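# Close look at the chain arrangement
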Amino acid sequence: MADVIIIGAGPAGLSAAIYVQRAGKQALVLEAMTFGGQIVNTPEVENYPGIRNISGFDFAMALYEQATGLGAELVFDRAVKLEELPAGSGEEDGKTIKRVTTAGGAVYEAPAVILATGAKNRKLGVDREQELTGAGVSYCATCDGAFYKGKAVAVNGGGNTALEDAAFLANYCSKVYVIHRREGFRGEPQMLTALKEKENVEFVLNATVTKLIGEPKLSAVEVTDKITGGKREIEVEGLFIAIGQEPENKDFANVVLLDPLGYIKAGEDCMTGTSGVFTAGDCRTKAVRQLTTAASDGAIAALAACSYIG
């Protein structure tokens, strides 16, 4: 038994663990891969209040050391099942016990659970994408855009995130190419109109990125016209991929409600519709997914869980 089981050891999960421990409760954190989440792959973090500059790895390590130093237990095992025990079969101070089963066959129980499973960026699926991540390939314009001040970059995508990224980057970069596989955009029309008015933005439509060029850093992308099959090489130092994220919540759909995209339905209070189950970070429905909002969610969910336990 733990007081609070936290599923996911990214910034939201580890922040939650810190607040659970400081509230005098015992946190058990289950993590399938490695602690830190997506921030581990970010070379430099410059937008976290109070920290002028730090690598994503060092930030994650500091979170891990702080949480475990306070007594939080971290177990590397994937949670694959969450269930509420039937009334009367497992209760603590009137609270129905939640049972978490892992891929390794372990079973853990607690009166409260925080789902902080995060979300992974949807990949383009082109050769060398992983190799050049952090060396020209990025999935977060607000995180990494400032590194490309005065340089040419490209944004790949057609939704609101892609349009927002392009507008943001246009304030820093000499040139922004918006590459989209269709003629039309899923993003909001007014956002698209404003973007078309920017002189340093060029649209490359009905095209897909088919090759990443450059060694050891990105220097150009090859795009292929979906109608003619013609290829074009565009010189850019940065490629921002904005084709969506994939939350990892399917294993918990029996306990919490998911929206059509798979995100856990919850507001700023981080409460799900299930008593004793909370959520934090990129895995929940929200407008802004940043390092600061993940940490904020972790604190809110942890305090709500501890208040629930009493």
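Here goes a summary of the coordinates provided. (Residues numbered from 1 in each chain as written. Predicted model: local features only at pLDDT ≥ 70, side-chain atom pairs only at ≥ 80, totals over all residues. Heavy atoms only, no water.)

## Regarding the overall build of the protein chain
Of regular secondary structure, the protein chain possesses six helices and 20 strands. For the protein chain, the spread of C-alpha atoms along the three principal axes comes to 65 × 35 × 35 Å. Looking at the protein chain as a whole, 50% of its 310 residues are labelled buried. Contacts in the protein chain between residues far apart in sequence, at least 24 positions, make up 59% of those at least 6 positions apart. For the protein chain, the computed accessible surface area is about 14400 Å², with 49% contributed by carbon and sulfur atoms. Computing the positive centroid from 30 side-chain charges and the negative centroid from 39, the protein chain places the two 4 Å apart. (Helix = DSSP H or I, 4+ residues; strand = E, 2+ residues; numbered from the N terminus. Buried < 20%, exposed > 50% of the residue type's maximum accessible area, 1.4 Å probe, protein only. Contact = heavy atoms within 4.5 Å. Areas by Shrake-Rupley, 256 points an atom, 1.4 Å probe, with all protein chains shown as cover. Lys, Arg positive; Asp, Glu negative; His and termini not counted. Charge placed at Lys NZ, Arg CZ, Asp CG, Glu CD.)

## Considering the sheet that holds strand E13 (residues 175-180)
As summarised here, the arrangement of the five strands in space is E11-E18-E12-E13-E14, forming an open sheet in which the pairing is parallel. Among the strands making up the open sheet, the edge pair consists of strand E11 (137-138) and strand E14 (201-205). Looking at chain direction, E11 and strand E18 (residues 238-241) are connected through two bridges and run parallel. Each bridged residue has a counterpart across the sheet, and for Ser 138 the counterpart in E18 is Phe 240. (Pairing = 2+ DSSP bridges.)

## Some remarks on the state of the cysteines
Applying the stated rule across the entire model yields one disulfide. Disulfide pairing places Cys 140 opposite Cys 143 at an S-S distance of 2.2 Å. On the S-S bond that ties Cys 140 to Cys 143, the torsion sits near 65 degrees, and the link is right-handed. Cys 173 takes part in no disulfide bond, and the closest cysteine sulfur, belonging to Cys 140, lies 13 Å away. Given the relative accessible area of 4%, Cys 173 is considered buried. (Disulfide = S-S within 2.5 Å.)

## Digging into the environment of Ile 97
On the secondary structure map, Ile 97 appears in the loop between strand E6 (95-96) and strand E7 (98-102). Taking relative accessible area as the criterion, Ile 97 reaches 4% and is therefore assigned buried. Once the C-alpha coordinates of Ile 97 and Glu 84 are considered, the two residues, 13 residues apart in sequence, prove to be 6.1 Å apart.

## Section: the packing of helix H4 (residues 160-170) against helix H5 (residues 189-196)
Each pair of packed helices gets described by two things: the angle between the helix axes and the distance between those axes. Interhelical geometry of H4 versus H5 gives an angle of 30 degrees and a closest axis separation of 10 Å. Our classification of the angle between H4 and H5 gives roughly parallel. Once H4 is placed against H5, the crossing between them reads as left-handed. Every residue of H5 that contacts H4 at Asn 160, Leu 163, Glu 164, Ala 166 and Ala 167 is listed here: Met 191, Leu 192 and Leu 195. Its residues assigned to classes, the contact of H4 with H5 shows six nonpolar, one polar and one charged. (Axes fitted to C-alpha atoms, helices over the stretch in contact; angles between N-to-C directions. Parallel < 35°, antiparallel > 145°, perpendicular 65-115°, else oblique. Left-handed = near helix turned anticlockwise from the far one by under 90°. Nonpolar A, V, L, I, M, F, W, Y, C, P; charged D, E, K, R; others polar.)

## Re unusual backbone geometry
Following Glu 215, the chain continues into Pro 216 via a peptide bond in cis, with omega recorded as 0 degrees. For Arg 128, which is not glycine, the phi torsion reads 75 degrees and is therefore positive. Examined against the element boundaries, Arg 128 turns out to sit in the loop between strand E10 (119-121) and E11. Positive phi is not limited to glycine here, since Cys 270 has a value of about 65 degrees.

## Describing the pattern of salt bridges
Within this structure, the stated rule accounts for twelve salt bridges. The residue Glu 246 makes a salt bridge to Arg 122 at a minimum N-O spacing of 3.5 Å. One end of the pair, Glu 246, is in strand E19 (residues 245-247); the other, Arg 122, is in the loop between E10 and E11, and 124 residues separate them in sequence. Judged by its relative accessible area of 30%, Glu 246 falls in the partly exposed class. (Salt bridge = Lys/Arg side-chain N within 4 Å of Asp/Glu carboxyl O.)

## Some thoughts on helix H1 (residues 11-22)
Think of an α-helix as 3.6 residues a turn; residues three or four steps apart then line up on the same face. Between its first and last C-alpha atoms H1 spans 16 Å; for twelve residues at 1.5 Å apiece the expected length is 16 Å, and the two agree. H1 sits mainly inside the fold: ten of its twelve residues count as buried. What H1 keeps buried is the set Pro 11, Ala 12, Gly 13, Leu 14, Ser 15, Ala 16, Ala 17, Ile 18, Val 20 and Gln 21. Looking at the buried positions of H1, the neighbouring elements they touch are strand E1 (4-7), strand E2 (27-31), helix H2 (56-69), strand E9 (112-115) and helix H6 (291-309). A positive backbone phi angle near 85 degrees is found at Gly 24, which sits one or two residues after H1. (Expected span 1.5 Å × (residues − 1).)

## Observations concerning the packing of H1 against H2
Look at H1 against H2: their axes get within 9 Å of each other, and the N-to-C directions meet at 25 degrees. In terms of orientation, H1 and H2 fall into the roughly parallel class. Relative to H2, H1 is oriented so that their crossing is left-handed. Along the contact surface, H1 presents Pro 11, Leu 14, Ser 15, Ala 17, Ile 18 and Gln 21, while H2 presents Ala 60, Leu 63, Tyr 64, Gln 66 and Ala 67. Here the contact of H1 with H2 is composed, by residue class, of eight nonpolar, three polar and no charged.

The values reported here are purely geometric and, on their own, carry no functional implication.
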